[in-house]
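Understanding the architecture of this molecule
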Amino acid sequence: MRGASRIAAILLVIWAAQAILSFTGDRKTAHFDEQIHLAHGYIYWTQGDYRPGHDTPPLAHMAETFPLLFMNLRLPDGWQTLDKWTLGDRFVNQNAAPAARILLWGRLPVVGFGLLLGWMLWRWTASLAGPAAGLTALALFAFDPLHLSRAWFVGSDLTLSCLALAATWAWWRALGSGRARDALMAGALAGAAIATKFSALFLLPSHALLAFIVSRTSYELPGDAGSLVVRRGGARPRPAVPLVRLTAAAGLAAVAVLLLVYQGGNLTEFAAGFQEQMRAVKGGFHNFFNGHYSATGWWYFFPVAFLVKTPIPILFLSLGGVWAAWRNPDLRRHLPALLIPPAVLFLLACRSSVQLGLRYILPLYPFLMILGGLAATAMMRRTAGRIVLGGLLL
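Overview of the structure. If you're wondering where the values come from, they're calculated on a predicted model, not measured in any experiment.

**As for the overall build of the protein chain**
Counting secondary structure elements, the protein chain contains 18 helices and four strands. Taking the principal axes of the C-alpha coordinates as reference, the protein chain spans close to 70 × 50 × 45 Å. Looking at the protein chain residue by residue over its 394 residues, the buried ones come to 52%. For the protein chain, long-range pairs separated by at least 24 residues make up 74% of all intrachain contacts whose partners lie at least 6 apart in sequence.

Now the structure itself:
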């Protein structure tokens with residue numbers, strides 16, 4: 001295990017090096033709306049005013065601008081009356097520190113979330129099927145162009161991908177252990193994800209479905225403090241710890257995190273931002289697909305984009321992982337946690353009128369990488385499987 005941990009550390013360093021090298025250098029200028037996010041994040045910290053960017057939850061941008069608090073920066077004069085483009089441009093390009101330094105320190109926290117995501121992939125997958133599976137999942141992440149493409153600029157996509165996986169892992173552990181403190185952790189992480197991006201609300205139906213499935217299953221989930229379900233003779237398993245207690249603990253923790261992020265009294269801005277996003281979605285977006293334009297999108301946009309743009313190793317190994325887990329009773333019990341959240345996100349995305357790229361379904365890919373790790377354990381039992389696995393990873 002120690003040797004595997006060293007390899008995991010090397011893979012994480014490789015991922016971080018690729019991410020950092022992609023945004024360093026004189027030619028790596030600001031990307032589209034990076035300046036806006038940095039200005040808004042700085043306003044959240046220093047002014048406690050969430051109105052400038054209330055159409056997007058603030059947590060990711062607050063994390064990205066935290067290092068800027070130590071750089072003696074200032075907001076442009078009359079920032080309250082400036083449009084967001086002028087505000088962002090003046091904040092980054094006309095400040096006490098060079099624009100390159102502001103952008104560098106604003107982007108580094110995104111790399112941090114990516115490293116945390118990679119570590120979780122390694123740990124969760126290894127806990128399910130051993131070090132080889134964990135290293136395979138991590139390798140799929142370390143060279144995944146989809147996540148690397150979101151790591152080189154300020155934004156919330158990679159942060160959400162990290163927090164969504166963390167929240168699901170924590171909730172699955174809570175359902176296994178039945179402990180309120182595990183549910184509190186899961187709720188706090190879900191609250192952090194929702195405070196990062198409104199699309200994180202997909203976690204609510206996903207986690208509710210997981211709780212329902214666990215409450216109706218006839219097998220025991222492994223947990224640090226026992227199982228949520230127990231057998232009593234031949235009767236149907238029933239909750240050993242009421243689900244309502246776990247759900248209430250998770251819900252309270254999620255609300256507490258939202259209150260903390262919004263500094264206690266600004267949840268009205270969260271609600272206003274959500275309503276504005278819903279109005280925008282109903283109003284339609286400028287979507288382009290295969291030479292066609294639509295304001296409402298196409299139900300098959302994401303299925304086609306997924307098949308075309310998903311790296312081949314992730315695509316094939318994730319399918320193999322479902323097959324391998326289904327054939328293994330110890331792994332089969334974990335399939336709901338690995339399939340339901342990405343499935344819910346994917347279905348909601350297909351019904352959305354916002355179809356501007358795979359970044360809107362980015363949080364489903366870590367689950368596929370875990371499944372890919374599970375496939376590796378089955379493939380490594382045979383010489384032909386090891387050859388195919390090596391070819392896919394290379």
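Back to the text.
**Considering the environment of Arg107**
Inspection of the secondary structure puts Arg107 in helix 5 (residues 99–129). Under the relative-accessibility criterion, Arg107 is labelled buried at 1%. Here the alpha-carbon distance between Arg107 and Ile20, two residues 87 residues apart in the chain, equals 8.7 Å. A distance of 3.3 Å separates a polar side-chain atom of Arg107 from the backbone oxygen of Trp152.

**Observations concerning a nonpolar patch on the surface**
Among the surface-exposed residues, Trp299, Tyr300, Val304, Leu307 and Val308 lie close enough to one another that they form a single nonpolar patch of about 540 Å² accessible area. Mapped onto the elements, Trp299 comes out in the loop between strand 4 (292–294) and helix 13 (301–309).

**Some remarks on the nonpolar core**
The biggest cluster of nonpolar side chains holds 103 residues, and the ones touching the most others in it are Trp15, Trp124, Trp171, Leu175, Ile361 and Tyr365. A per-element tally of this core places helix 8 (residues 157–177) first, with 14 residues. For Trp15, the residues in contact, after removing those within four places along its chain, are Val111, Gly114, Leu115, Phe141, Ala142, Leu148, Ala151 and Leu158. Core analysis: the next-biggest nonpolar cluster, separate from the first, contains 16 residues, Leu38, Tyr42, Leu75 and Val92 among them.

**Quick notes on the layout of surface pockets**
In this structure, the largest pocket spans a volume of roughly 1400 Å³. Lining the largest pocket are 44 residues, with Asp55, Lys197, Gln277, Val354 and Tyr360 sitting closest to its centre. Those elements giving two or more residues to the lining of the largest pocket turn out to be helix 2 (34–47), helix 4 (84–93), helix 12 (267–283) and helix 16 (335–350).

**Here's the deal with helix 14 (residues 312–327)**
The first and last C-alpha atoms of helix 14 sit 23 Å apart over 16 residues, in line with the 22 Å expected at 1.5 Å per residue. Ile314, Leu315, Leu317, Ser318, Gly321, Ala324 and Ala325 are the residues of helix 14 that are buried.

**Remarks on the environment of Ala188**
Looking at the secondary structure, you find Ala188 in helix 9 (residues 180–194). Sequence separation between Ala188 and Val304 is 116 residues; the distance between their C-alpha atoms is 34 Å. Setting aside anything within four residues of it in sequence, one finds Ala188 in contact with Ala253, Ala254 and Val257.

**Regarding the packing of helix 4 against helix 5**
Running from amino to carboxyl end, helix 4 crosses helix 5 at an angle of 105°, the nearest separation of the two axes being 7 Å. As the angle between them shows, helix 4 and helix 5 are arranged roughly perpendicular. Residue-level inspection shows Phe91, Val92 and Asn93 of helix 4 in contact with helix 5, the latter providing Ala99, Ile102 and Leu103. Counted by class, the contact of helix 4 with helix 5 contains five nonpolar, one polar and no charged residues.

**Overview of helix 17 (residues 365–379)**
With 15 residues, helix 17 should cover 21 Å at 1.5 Å per step; its first-to-last C-alpha distance of 21 Å lies within 8% of that length. For helix 17, the tally of buried residues reaches 14 of 15 residues, placing the bulk of the element in the interior.

Quick notes on the rules
Residues numbered from 1 in each chain as written. Predicted model: local features only at pLDDT ≥ 70, side-chain atom pairs only at ≥ 80, totals over all residues. Heavy atoms only, no water. Helix = DSSP H or I, 4+ residues; strand = E, 2+ residues; numbered from the N terminus. Buried < 20%, exposed > 50% of the residue type's maximum accessible area, 1.4 Å probe, protein only. Contact = heavy atoms within 4.5 Å. Polar contact = N/O pair within 3.5 Å; in protein donor to acceptor, adjacent residues only side chain to side chain. Patch = residues over 30% accessible without salt bridge, like charges linked within 9 Å, V, L, I, M, F, W, Y side chains within 5 Å. Areas by Shrake-Rupley, 256 points an atom, 1.4 Å probe, with all protein chains shown as cover. Salt bridge = Lys/Arg side-chain N within 4 Å of Asp/Glu carboxyl O. Core = buried A, V, L, I, M, F, W, Y, C linked by side-chain atoms within 4.5 Å. 1 Å grid on protein atoms, 1.4 Å probe; cavity = no way out; pocket = protein on both sides within 12 Å on 5 of 7 lines; lining within 4 Å. Points joined across faces, edges and corners; volume = space filled by probe spheres on them. Expected span 1.5 Å × (residues − 1). Axes fitted to C-alpha atoms, helices over the stretch in contact; angles between N-to-C directions. Parallel < 35°, antiparallel > 145°, perpendicular 65-115°, else oblique. Nonpolar A, V, L, I, M, F, W, Y, C, P; charged D, E, K, R; others polar.

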